[in-house]
Amino acid sequence: MSERAMQELALLVLTALADAPRHGYAIAQEVKGITDGRVVPRTGALYGALDRLVAEGLIEVRQEEIVDGRARRVFALAPAGRERLALETERLAAAVREARRRLGIDGAPVTA
């Protein structure tokens, strides 16, 4: 694959949107849950990632509304984002398989 590996926050945002559209705060909560609290995105980093993903065509703004006087955007995974997430998932799974093989995990022989 010629594309660079995706940054962790971008990968987590796509994962958070894989099953349902969400607004920013809900995405942040999903990311926190997905990582068991290891990643708690700061507001600026999250919205920077969302803006980049929209610009790249990987996610889209599904809805915009005003809630308590503040703008709220609901984001959804775009078809290109679903495809990219699937590619990243396969890339990461291959890396994990190789690491497990080299570590001799799951009965795989260590070759060194």
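Rules behind the numbers
- Residues numbered from 1 in each chain as written.
- Predicted model: local features only at pLDDT ≥ 70, side-chain atom pairs only at ≥ 80, totals over all residues.
- Heavy atoms only, no water.
- 1 Å grid on protein atoms, 1.4 Å probe; cavity = no way out; pocket = protein on both sides within 12 Å on 5 of 7 lines; lining within 4 Å.
- Points joined across faces, edges and corners; volume = space filled by probe spheres on them.
- Helix = DSSP H or I, 4+ residues; strand = E, 2+ residues; numbered from the N terminus.
- Nonpolar A, V, L, I, M, F, W, Y, C, P; charged D, E, K, R; others polar.

As recorded in an unreviewed UniProt entry, the protein chain goes by the name Transcriptional regulator, listed as coming from Streptomyces uncialis.

Novice: So what exactly am I meant to see when it comes to the layout of surface pockets here?
Specialist: Where empty space is left becomes clear once a probe the size of a water molecule has been rolled over the atoms. By volume, the largest pocket amounts to about 450 Å³. Together, 19 residues line the largest pocket, and His-23, Gly-24, Tyr-25, Tyr-47 and Arg-70 are the ones closest to its centre. Residue assignment for the lining of the largest pocket shows that the elements contributing at least two residues are α2 (24-34), α3 (43-55) and β3 (70-77). Tallied by class, the residues present in the lining of the largest pocket amount to 9 nonpolar, 4 polar and 6 charged. The computed volume of the second largest pocket comes to approximately 220 Å³. In this structure, the second largest pocket is lined by Arg-4, Ala-5, Met-6, Gln-7, Leu-9, Ala-10, Ala-49, Arg-52, Leu-53, Glu-56 and Arg-84. Mapped onto the lining of the second largest pocket, the elements with two or more residues apiece are α1 (8-17) and α3. A per-class count over the lining of the second largest pocket returns 6 nonpolar, 1 polar and 4 charged.

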